[in-house]
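Structural overview for review
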Amino acid sequence: MVAMLVMMALIGTNPDAPTPLIRCREAVALMHLNETDILYDLGCGDGRVCILASEMTGCRAVGVDIQAAKIETAREAAKMRFVADRTAFYRQDIMEIELNKLPATVFYVYLPQELLNRLLPRLEKCKGARVISYMHQLAAPLKAKHSEFYVYQF
Ligand SMILES: C[S@@+](CC[C@H](N)C(=O)[O-])C[C@H]1O[C@@H](n2cnc3c(N)ncnc32)[C@H](O)[C@@H]1O
């Protein structure tokens, strides 16, 4: 807890803050998803982006988070919103996943800059995948920028 507070003070933001709901709608619109897409939210928190994306577009969506409590919350929310059959949530450290082996067509990331920087080499191996990053830019060629969203195509 103390370490978390120190980290928040250092980076000036809450590393657990979810994407505001109004921004989630914008994010989903930018993803251009359909029923054949598979969205991965790396560090999914309460699963709101996956759940909304699945509701709005019929896509399949997978959320991964290191915190077990977030995964429980996301699974419950998916059931309540009737998208449990099209969504899945797993507790895992995203730094341990071979991202290029996932069936993802789109990745969503809202993560601290330092974590994003470390994730980038593995995202770049995901040929054909779109990546939408909220608030933080990746050191890669930008396809588009919309408000606080950065869009990449690898
Ligand atoms: C800023 S929140 C974003 C949550 C969600 N993506 C959203 O946009 O609402 C970042 C999330 O990443 C998770 N996270 C941080 N480091 C992680 C790691 N190494 N592996 C998996 N999840 C991680 C945190 O637990 C937190 O829920």
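Residues numbered from 1 in each chain as written. Predicted model: local features only at pLDDT ≥ 70, side-chain atom pairs only at ≥ 80, totals over all residues.

1. Quick look at the packing of helix 2 (residues 21-31) against helix 3 (residues 48-57)
At a minimum axis separation of 10 Å, helix 2 and helix 3 run at an interaxial angle of 55 degrees. Of the possible angle classes, the one that applies to helix 2 and helix 3 is oblique. Crossing of helix 2 against helix 3: the hand is right-handed. Taking contact as the criterion, the partners of L21, C24, R25, A27, V28 and M31 in helix 2 are, on helix 3, R48, V49, L52, A53, M56 and T57. Residues that form the contact of helix 2 with helix 3 fall into these classes: nine nonpolar, one polar and two charged. (Axes fitted to C-alpha atoms, helices over the stretch in contact; angles between N-to-C directions. Helix = DSSP H or I, 4+ residues; strand = E, 2+ residues; numbered from the N terminus. Parallel < 35°, antiparallel > 145°, perpendicular 65-115°, else oblique. Left-handed = near helix turned anticlockwise from the far one by under 90°. Contact = placed C-beta atoms within 7 Å. Nonpolar A, V, L, I, M, F, W, Y, C, P; charged D, E, K, R; others polar.)

2. Points about the site of the ligand
Lining the immediate surroundings of the ligand are 22 residues, of which P18, T19, G43, G45 and I66 lie closest. Elements represented by at least two residues in the shell around the ligand include exactly helix 3 and strand 2 (60-65). The class makeup of the residues in the shell around the ligand is 12 nonpolar, four polar and six charged. (Near = placed C-beta within 6 Å.)

This is a description of form; function is not addressed.
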